[in-house]
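The residues making up each chain are set out below.
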Amino acid sequence: MDFLKPRYTPMNRRRRIYEGKAKVLYEGPEPGTLIQHFKDDATAFNAQKHEVIDGKGVLNNRISEFVFSHLNDIGVPTHFIRRLNMREQLIREVEIIPLEVVVRNVAAGSLATRLGLEEGTQLPRSIIEFYYKNDALNDPMVSEEHITAFGWATPQEIDDIMALAIRVNDFLSGLFLGVGIRLVDFKIETGRLWEGDMMRIVVADEISPDSCRLWDIKSSDKLDKDRFRKDLGGLIEAYTEVAKRLGIMSENEKVQTGGPRLVQ
Ligand code: UDP
């Protein structure tokens, strides 16, 4: 029955569905699946700052695989199926909800600036914020009122998204605390997964040091994308440190660069 198996398609012949700043989505081997490819591109400030950092895609692919497969294991639904190779993972096709969902435990970044809080202040409780995904508008912050009025998500879906965000926060806070890292804040994206007539909201996109603020508990060193945003250098070393502490990479291993590359 070999003819029933999905045929391997060389990556330069796969249909490109979408290209973002740090990832590309290709058509998957079966209907309802996609291939998510992690690029080495780093962008910040709505892509005004851009650099290619050799090895970043490989590290984010591995770290995101680790987080998503554990979320699946504890019953937090995600789009993740399995990692395919150094830069790619197989995912379920979902209808992305156009919101960036940010969860904060400690004041930093735009919250610290907006409300004049000192960076590093523990928040009285975890705070969830929504931003409308729109590059032309610079991802403005929006409230539940805007989300329901403009039909980006229903009140029930907002409840589901917030419940997912809290479960992800609890899982990630514990995971990182266990390896000496403080989870300051992070961003998730969510999508609608259709299974016949049934729809559920799942965690989509990626969870990696590109989308989290991670501070070493002892030294307060930044182990995340702020190394790029703030020109601190050492981004690959920081992401490698996160991967090693999580047990994804062994102590003496160096990130392999190369692997399947984007064919322009
Ligand atoms: N974040 C992200 N993508 C974005 C904006 C923010 O992954 O387009 C993450 C960011 O890495 C941080 C959290 O969301 O972990 C909160 O970011 P913040 O609103 O403070 O914005 P920033 O100061 O990073 O622009």
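Values in this document were obtained by computation on a predicted structure and should not be read as measured data.

A look at the overall build of the protein
Step number 1: Looking only at helices and strands, the protein has six helices and 14 strands in total.
Step number 2: The C-alpha radius of gyration computed for the protein amounts to 18 Å, which stays within 12% of the reference 18 Å derived for 264 residues, consistent with globular compactness.
Step number 3: Split into buried and exposed, the 264 residues of the protein put 49% on the buried side.
Step number 4: Pairs at least 24 apart in sequence give 58% of the contacts found in the protein among residues at least 6 apart.
Step number 5: The centroid of the 36 positive side-chain charges in the protein is displaced by 4 Å from the centroid of its 41 negative side-chain charges.

Quick word on helix α1 (residues 56-73)
Step number 1: The terminal C-alpha atoms of α1 lie 26 Å apart, and with 18 residues this matches the ideal 26 Å at 1.5 Å per residue to within 8%.
Step number 2: Of all the positions in α1, only K56, G57, V58, L59, N60, N61, I63, S64, F66, V67, F68 and L71 are classed as buried.

With respect to the packing of α1 against helix α6 (residues 235-245)
Step number 1: Their axes nearest at 10 Å, the elements α1 and α6 cross at an angle of 20°. By the angle between their directions, the pair α1 and α6 is classed as roughly parallel. The way α1 lies across α6 gives a crossing that is left-handed. Where α1 abuts α6, its residues K56, L59, N60 and I63 lie against L235, I236, Y239, T240, V242 and A243.
Step number 2: Of the residues in the contact of α1 with α6, the class split is seven nonpolar, two polar and one charged.

A closer look at the environment of I128
Step number 1: With respect to the helices, strands and loops of the structure, I128 is situated in strand β10 (residues 122-132).
Step number 2: Placed 71 residues apart in sequence, I128 and G57 show a C-alpha to C-alpha distance of 27 Å.
Step number 3: In contact with I128, not counting residues within four places along its chain, are V101, V102, V103, M162, A165 and I166.

Some points on the pairing of strand β5 (residues 49-52)
Step number 1: Two strands pair when backbone bridges link them, and strand β4 (residues 41-44) and β5 are joined in this way by four bridges, in the antiparallel orientation. Note on β5: the bridge partner recorded for D41 is V52.
Step number 2: Here β4 folds back onto β5, and the loop between the two strands holds four residues, one of which, F45, carries a positive phi near 50°.

Focus: the nonpolar core
Step number 1: Counting residues in each nonpolar core, the largest one holds 52 residues, and the members touching the most others are V168, L172 and I207.
Step number 2: With nine residues, helix α4 (residues 155-177) is the single largest residue contributor to this core.
Step number 3: Excluding its chain neighbours within four sequence positions, the residues that come into contact with V168 are L71, V76, F186, I188, V203 and I207.

What about the environment of A136?
Step number 1: Relative to the elements of secondary structure, A136 occurs in the loop between β10 and β11 (141-142).
Step number 2: Here A136 falls in the exposed class, since its relative accessible area comes to 77%.
Step number 3: Linking A136 and D216, residues 80 residues apart in sequence, is a C-alpha distance of 34 Å.

A few points about the packing of aromatic side chains
Step number 1: Applying the stated criterion across every chain, the model contains three aromatic pairs.
Step number 2: Connected via pairs of aromatic rings, a cluster forms that spans Y132, F150 and W152.
Step number 3: In this structure, R14 is placed above the aromatic ring of Y26, and the distance from its NZ or CZ to the ring centre is 5.3 Å.
Step number 4: Note that K49 overlies the ring of F228, its terminal NZ or CZ placed 4.9 Å from the centroid.

The rules behind the values
- Residues numbered from 1 in each chain as written.
- Predicted model: local features only at pLDDT ≥ 70, side-chain atom pairs only at ≥ 80, totals over all residues.
- Heavy atoms only, no water.
- Helix = DSSP H or I, 4+ residues; strand = E, 2+ residues; numbered from the N terminus.
- Rg over C-alpha atoms; globule rule 2.2 N^0.38 Å.
- Buried < 20%, exposed > 50% of the residue type's maximum accessible area, 1.4 Å probe, protein only.
- Contact = heavy atoms within 4.5 Å.
- Lys, Arg positive; Asp, Glu negative; His and termini not counted.
- Charge placed at Lys NZ, Arg CZ, Asp CG, Glu CD.
- Expected span 1.5 Å × (residues − 1).
- Axes fitted to C-alpha atoms, helices over the stretch in contact; angles between N-to-C directions.
- Parallel < 35°, antiparallel > 145°, perpendicular 65-115°, else oblique.
- Left-handed = near helix turned anticlockwise from the far one by under 90°.
- Nonpolar A, V, L, I, M, F, W, Y, C, P; charged D, E, K, R; others polar.
- Pairing = 2+ DSSP bridges.
- Core = buried A, V, L, I, M, F, W, Y, C linked by side-chain atoms within 4.5 Å.
- Phe/Tyr/Trp six-rings, centres within 6.5 Å; stacked < 30°, edge-to-face > 60°.
- Lys NZ or Arg CZ within 6 Å of the ring centre and 35° of its normal.

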